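The lines below spell out each chain.
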Amino acid sequence: MIHEYDVIVIGGGIAGLYTALTASENAKVAVISKVHVTRSHSVAAQGGIAASLGNEEEDHREWHMYDTVKGSDFLADQNAAEVLSKEAPNAIYSLEHIGVPFSRNSEGKIEQRRFGGHTKNFGEAPIKRACYVSDRTGRAIMDTLYDRCLQKGVVFYNEVFIQHLLFALNNCCGVAGYDLATTIPQVFHAKAVVLATGGCGKIYKTTSNGFASTGDGFALALDALLPLKDMEFVQFHPTGIYGLGILLSEAARAEGGVLRNNLGERFMERYAPTLKDLAPRDIVSRAILKEIREGKGADNKDYVYLDLRDLGKERLNQKLPEITSFVKTYLGIDPAETPIPVAPTCHYIMGGIPTDVDGHVLVDRTGTILPGLYAAGECACVSVHGANRLGCNSLIDLVVFGRRAGLSILKEIKARIVQQLPLQAESIVVDKINSLLESKCTESIPTIRENMQQVMTQQCSVFRNGPALEQALTHICQLKKRCLNLGLTNKSRVFNYELQEALELNNMLRVAEIIVYSALMRTESRGAHFRSDYPERNDEEWLKHTFVNETPTGLKESYKPLAAGRFELQKRRY
Amino acid sequence: MKVTLKVYRFNPQTDIQPHYDPFTVEAEPNDRILDCLNKVRWQQDNTLTFRMSCAHGICGSDGLTINNQSALACQKLVKDYDFTKEILIEPLKYFSVVKDLIVDLAPFFERIKSITPQTPQSTIVDLEKERIQTPQERSLFDDALKCILCGCCYGACPVMTEQDQEFVGPAAILREQRYIFDSRFADVAERLQILKKPHGVWGCKSYYMCTVVCPKHIKVTGAILRTKKKIIQEQQPKDEQQAGES
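Everything quoted here is computed from the prediction, not taken from an experiment.

**Focus on the overall build of chain A**
When helices and strands are tallied, chain A shows 16 helices and 24 strands. Taken over the C-alpha atoms alone, chain A extends approximately 65 × 50 × 50 Å along its principal axes. Taking all 574 residues of chain A together, the buried fraction comes to 65%. Here the analysis covers contacts within chain A between residues at least 6 apart in sequence; of these, 75% occur between residues at least 24 apart.

And the structure:
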């Protein structure tokens, strides 16, 4: 079946919906999601969204920009960080005006709280910059965008899994996938296609990400021979619920929670004397694991305590109701009375599909634009987060750059000639599905997936080193080969999740290989990428972005040096 | 320890009637019911079909009927049930079953759409500052913001399952309540009008089952009652209203 639209957005999280909403001003827009749109993982965002409104104390766009650049360990493109910090306040006001129910202070203004790495006056002390909706900020923004999209006539295709981007004369002119409910191929013809497919946390064993975060958009880009950029930079959030990885927002520490080791010591004071528990995530995650390695894990196990007892019941209830209930449900403890066992959990990928600040997907490191294709959100790499993203900068990235992508589309589709769909659009999908369903091979999905998650967690997470990464690379390549021989026992064409998981596993392995490869190549430590064998940042050789392409002879890397920005390089101390 | 799930099965391609399959898995008291279902799917029978995504009760994918009550499989733990007996796992009631535990949610999302006014609010947006809303004003709809659109309340509502299939349903009214009580929205009259239609808010008979099962502990019935009160108030002439309230 062929569906005709002006704009197709793949992924219904905040980036996808904001792009859709913006484009719907003057275009026929559809959003396609492999889950129901309202299940997109943006709903799990808790703590807040950053903008220098200055509602609680003096704040400036320059301060926000500086924090973003320093937080990125100077790998952010400063022009992108400038766009983000400059447009952030207006983005918040526009969210407020379409109905996002921000928490309010006593004056009735949008309330703001502290967050990791956000400071006043270029690093002096923590600042209240995070706007929020208690600790369900993502959910509230998603719900508002969803309702506004409904009013604007945006059409939702739920539970459709996209497999291919379609091109004609080097223009992206549509996408092809299948309906999960029926396995019937679906082809979408459009003048503009937006990738807003989110991240790939499920590559790791312990993650805050949902089951749907399998890097599908990255695989779509790779199929289109596009490079992936800065994929070695994977963020581990310091405070996942031990064992489960469920996110406990940085807001917990912003509201006064502290991390403690087995001695009851507030150990972050040693690692970041100024910001302490509100240091950026890369630093806090490393500190936690270092404490554990030195035998100072709480209860002498491999976790530390997040101590929220000082906040008291009322404050927890008012400011952090969701995470309080998560802790009660899954650990059976009351955070007002008992410290919570936490450990780093895979949370976010800074790298992704290269784009410019207007959402255009770039074909190479020289910045050639691919007409008709756009990307926004976690799957895109505008290079605003560099080597480490600050908390609250993700949601604002989705809105600022989602809007910019939408505006570019509105401007450009008028002049765009409608390209013919390639004739084999449907059959590519049918062949892909049939070859899996009819395969006589016997490799099992859960085994390969667990193997991959194990390798990535043990050898390519917070601490990395050359030999381990080489082993991991070999291992992932072996798994990729085994993945060619998957045997599906479920032959159904109605909601065949084994088939879906087979396709997702293939996507994840491709992304995993690129993460490991990029990490192996980068022989320095920067932001979230820490190499025990190269523990220092090396600006002389490595102040550059990684681009990796899949080629017939294997992965191939190239680099793009960073342009100088207004903030000069400095050692990152907090 | 061993836990046995008795799971509703229906494959539209091969079955005329649904049936139940027992599955026994190794589980701990603190494991989620979702973990048990995944063990079945990944270790025993990969045709077992159910939705899931975030696995911690925020996306709303895995609403099921567990031991005869609507609940999220990722929010309920083994220890929440008498696991010495079989735990009964069925799809959400009210909705039609597509396969095993998957129901057709189109009627649910259609209702969310149906309560959304077709004329969007003015798009003139002041980008230079926010509108003022006091914490007290905001508190009138704070509870409704917790809704994750899981559909558990539809499966639990006796009106929907037994009396009026067309009833707009708890989650939709709650969603509307969120906007009606938001001091920033100017389209309250239109929204009240939508809820006054047949099968609208007056369909609610206050069984309180939505409130009982709500995985986010929202006082759904209370929100519906406040919406009804608002409609009555709006119908009364202003002076009468003031007299009534004094």
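Let's pick the thread back up.
**A word on the overall build of chain B**
Helices and strands together make up the secondary structure of chain B, namely 10 helices and seven strands. Taken along its principal axes, the extent of the C-alpha atoms in chain B is 65 × 40 × 35 Å. Burial analysis of chain B (246 residues in total) assigns 45% to the buried set. Long-range contacts, defined here as pairs at least 24 residues apart, represent 65% of the contacts in chain B between residues at least 6 apart.

**Observations concerning the interface of chain B and chain A**
Counting from both sides, the interface comprises 44 residues of chain B and, opposite them, 42 residues of chain A. Looking at the side of chain B that touches chain A, the elements that each hand over two or more residues are β6 (97-99) and α3 (135-139) of chain B.

**Here we look at the sheet that holds strand β5 (residues 87-90) of chain B**
Residues and elements named next belong to chain B. The five strands are arranged β2-β1-β5-β3-β4 in an open sheet whose pairing can be described as mixed. Each having just a single partner strand, β2 (19-26) and β4 (69-72) make up the two edges of the open sheet. Across the sheet, the axes of successive neighbouring strands diverge by a mean angle of 35°, strand direction being ignored. Strand direction decides the pairing type here: strand β3 (residues 63-66) and β5, joined by two bridges, are antiparallel. When the bridges of β5 are listed, threonine 65 appears paired with glutamate 90. Its contacts with the sheet put helix α1 (residues 33-44) on β1 (2-9), β2 and β3, and the angle it makes with β2 is roughly 95°.

**Side note on the domain arrangement of chain A**
Residues and elements named next belong to chain A. With domains assigned, chain A is organised as domain 1 (239-344) and domain 2 (425-532 + 550-561). One C-alpha centre belongs to domain 1, the other to domain 2; they are set 32 Å apart. Contacts between the two partners involve five residues from domain 1 and, on the opposite side, five residues from domain 2. When grouped by side-chain class, the residues that make up the side of domain 1 that touches domain 2 number two nonpolar, one polar and two charged.

**A word on the nonpolar core**
Across soluble globular proteins, nonpolar side chains show a tendency to be buried alongside one another. In terms of nonpolar packing, the biggest core is built from 269 residues, with Val7(A), Ile8(A), Val194(A), Ile353(A), Ile396(A) and Val516(A) touching the most fellow members. In contact with Ile396(A), other than residues within four places in its own chain, are Ile49(A), Ala50(A), Ala51(A), Leu84(A), Ala88(A) and Ala91(A).

**A look at helix α7 (residues 188-196) of chain B**
Residue and element names in this part refer to chain B. Among the residues making up α7, those that are buried are Arg191, Ile194 and Leu195. Each buried residue of α7 lies within a common arc of 95° when the element is viewed along its axis, so the set occupies one face. In this fold, the buried residues of α7 make contact with α6 (170-180) and α9 (220-235).

Cut-offs applied
- Residues numbered from 1 in each chain as written.
- Chains lettered and ligands numbered in written order.
- Predicted model: local features only at pLDDT ≥ 70, side-chain atom pairs only at ≥ 80, totals over all residues.
- Helix = DSSP H or I, 4+ residues; strand = E, 2+ residues; numbered from the N terminus.
- Buried ≥ 20, exposed ≤ 12 C-beta atoms within 10 Å, placed from the backbone.
- Contact = placed C-beta atoms within 7 Å.
- Pairing = 2+ DSSP bridges.
- Axes fitted to C-alpha atoms, helices over the stretch in contact; angles between N-to-C directions.
- Domains from an automatic or database assignment.
- Nonpolar A, V, L, I, M, F, W, Y, C, P; charged D, E, K, R; others polar.
- Core = buried A, V, L, I, M, F, W, Y, C linked by C-beta atoms within 7 Å.
- Arc of directions from axis to C-beta.

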